[in-house]
Amino acid sequence: MLTEDRVVAVLVTPPIARAAPPGIDPADFLTALAEDTYELVAGLDFVSPVVVTSVPGMEEIVWPGTPVIEIPDLSGAALVRTAFAALPRAEQAVLLGADAPDLPPLLIGKLFRELGRARIAVCPAAEGGAVALAAHLPYPDWAAVGLDDLDPVKQLRASAPGSRMVARGPGWHRLRDPDDIRLLDPGLEGWDNTRALLSA
């Protein structure tokens, strides 16, 4: 059952498959990352997990009752805006890229905490872009930014009506290139499907 206040949406898009290391099927790699990222979200308390996707077949990775919302294959700010608009009714939402399978769940909680003082909160990606965006809903019209934009915090602050409307949370990493698997932290719990695929 969906809560009426907080949603965390895992965003699954075709470019995630490009990060598959040599010898690993890109479709299998995308599915493993998406499932691991979904599992970390589904394990959180007091939030409703959702999958927003332009990749077919994601119903197979979710628990019964989790909405899987299909959207067009978009990119940049149009993708982010469409994904937020497609979410079930809620007061606050986090849009999390599915290419962060080892993200510590605590970082999602910190994004929601930042929304106590800001309209939007960003979990920046270490190599540029954003791992996740959190926002009060409806998603504001002035927030035209994509997860792969180089400096989303700077971009959002430049377009926000007030300087304190955009908060920056702790950063993390995403898997956007085959070499990025070196960023995965073997000491962290979770990301079991990705771990198994890489060690097979």
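Residues numbered from 1 in each chain as written. Predicted model: local features only at pLDDT ≥ 70, side-chain atom pairs only at ≥ 80, totals over all residues. Heavy atoms only, no water.

K.L.:
Explanation requested: the pattern of salt bridges in the structure shown.
P.N.:
Evaluation of the coordinates by the stated rule reveals six salt bridges. Notably, a salt bridge pairs Glu114 with Arg117, separated by 2.7 Å at the nearest N-O pair. (Salt bridge = Lys/Arg side-chain N within 4 Å of Asp/Glu carboxyl O.)

K.L.:
For this particular structure, what's the right way to read helix α1 (residues 26-42)?
P.N.:
Two residues of an α-helix separated by three or four positions point the same way, owing to the 3.6 residues in each turn. Look at α1: 24 Å from first C-alpha to last across 17 residues, which is about the 24 Å you get at 1.5 Å a residue. Against β1 (6-12), β2 (48-53), β4 (92-97), α3 (105-114) and α5 (192-199) lie the buried residues of α1. Between the side-chain oxygen of the N-cap and the backbone nitrogen of Ala27 there are 3.0 Å, and the N-cap of α1 in question is Asp25. (Helix = DSSP H or I, 4+ residues; strand = E, 2+ residues; numbered from the N terminus. Expected span 1.5 Å × (residues − 1). Contact = heavy atoms within 4.5 Å. Polar contact = N/O pair within 3.5 Å; in protein donor to acceptor, adjacent residues only side chain to side chain.)

K.L.:
When you look at the sheet that holds strand β3 (residues 68-70) in this model, what are you seeing that I'm missing?
P.N.:
Backbone hydrogen bonds hold the strands of a sheet together, and the pairing may be parallel or antiparallel. Spatially, seven strands are ordered β3-β2-β1-β4-β6-β5-β7 in an open sheet, and the strand pairing comes out mixed. Strands with a single pairing partner mark the edges of an open sheet, and in this sheet they are β3 and β7 (166-168). Taken over all neighbouring pairs, the strand axes of this sheet differ in orientation by 20° on average, direction set aside. Pairing analysis gives five bridges linking strand β5 (residues 120-124) to strand β6 (residues 130-136), with the strands arranged antiparallel. (Pairing = 2+ DSSP bridges. Axes fitted to C-alpha atoms, helices over the stretch in contact; angles between N-to-C directions.)

K.L.:
What is the right way to look at the packing of aromatic side chains in this model?
P.N.:
Two aromatic rings are characterised by how far apart their centres lie and by the angle between their planes. All chains considered together, the criterion is met by two aromatic pairs. Arranged with centres 6.3 Å apart and planes meeting at 90°, the rings of Tyr38 and Trp63 form a pair that is edge-to-face. Taken together, the residues Tyr38 in helix α1 and Trp63 in the loop between β2 and β3 connect sequence positions 25 residues apart. Among the residues examined, Tyr38 registers a relative accessible area of 0% and is labelled buried. Classification of Trp63 as partly exposed rests on a relative accessible area of 44%. Ring geometry for Phe84 versus Tyr139: centroids 4.4 Å apart, planes at 10°, classification stacked. Separated by 55 residues along the polypeptide, Phe84 in helix α2 (residues 76-86) and Tyr139 in the loop between β6 and α4 (152-159) bring together distant segments of the chain. With respect to class, Phe84 is no different from Tyr139; both count as buried. The ring of Trp191 has Arg195 lying over it, and the distance from NZ or CZ to the ring centre is 4.0 Å. (Phe/Tyr/Trp six-rings, centres within 6.5 Å; stacked < 30°, edge-to-face > 60°. Buried < 20%, exposed > 50% of the residue type's maximum accessible area, 1.4 Å probe, protein only. Lys NZ or Arg CZ within 6 Å of the ring centre and 35° of its normal.)

K.L.:
So what exactly am I meant to see when it comes to the packing of α1 against α5 here?
P.N.:
Relative orientation of the contacting elements α1 and α5 amounts to 150°, with a least axis distance of 7 Å. By the criterion of interaxial angle, the relationship of α1 to α5 is roughly antiparallel. Contacts from Asp28, Phe29, Ala32, Leu33, Glu35 and Asp36 in α1 reach Asp192, Asn193, Thr194, Leu197 and Leu198 in α5. Per-class residue counts for the contact of α1 with α5 are five nonpolar, two polar and four charged. (Parallel < 35°, antiparallel > 145°, perpendicular 65-115°, else oblique. Nonpolar A, V, L, I, M, F, W, Y, C, P; charged D, E, K, R; others polar.)

K.L.:
Could you clarify how one ought to interpret the pairing of β2 in this entry?
P.N.:
Strand residues, when the strand is regular, have side chains that alternate between the two faces of the sheet. Burial within β2 is extensive, with six of its six residues counted as buried. Here β2 shows two buried faces, one formed by Ser48, Val50 and Val52 and the other by Pro49, Val51 and Thr53. Pairing between β1 and β2: six bridges, direction parallel. Each residue of the ladder has a partner; that of Leu11, found in β2, is Val52. Crossover β1 to β2 through α1 is right-handed. Of the pairings in the sheet, the one linking β2 to β3 comprises three bridges and is parallel in character. Residue pairing for β3: Val51 is matched across the bridge by Val68. (Right-handed = clockwise from strand over helix to strand, strands pointing away.)

So yeah, pure geometry; function would need other evidence.
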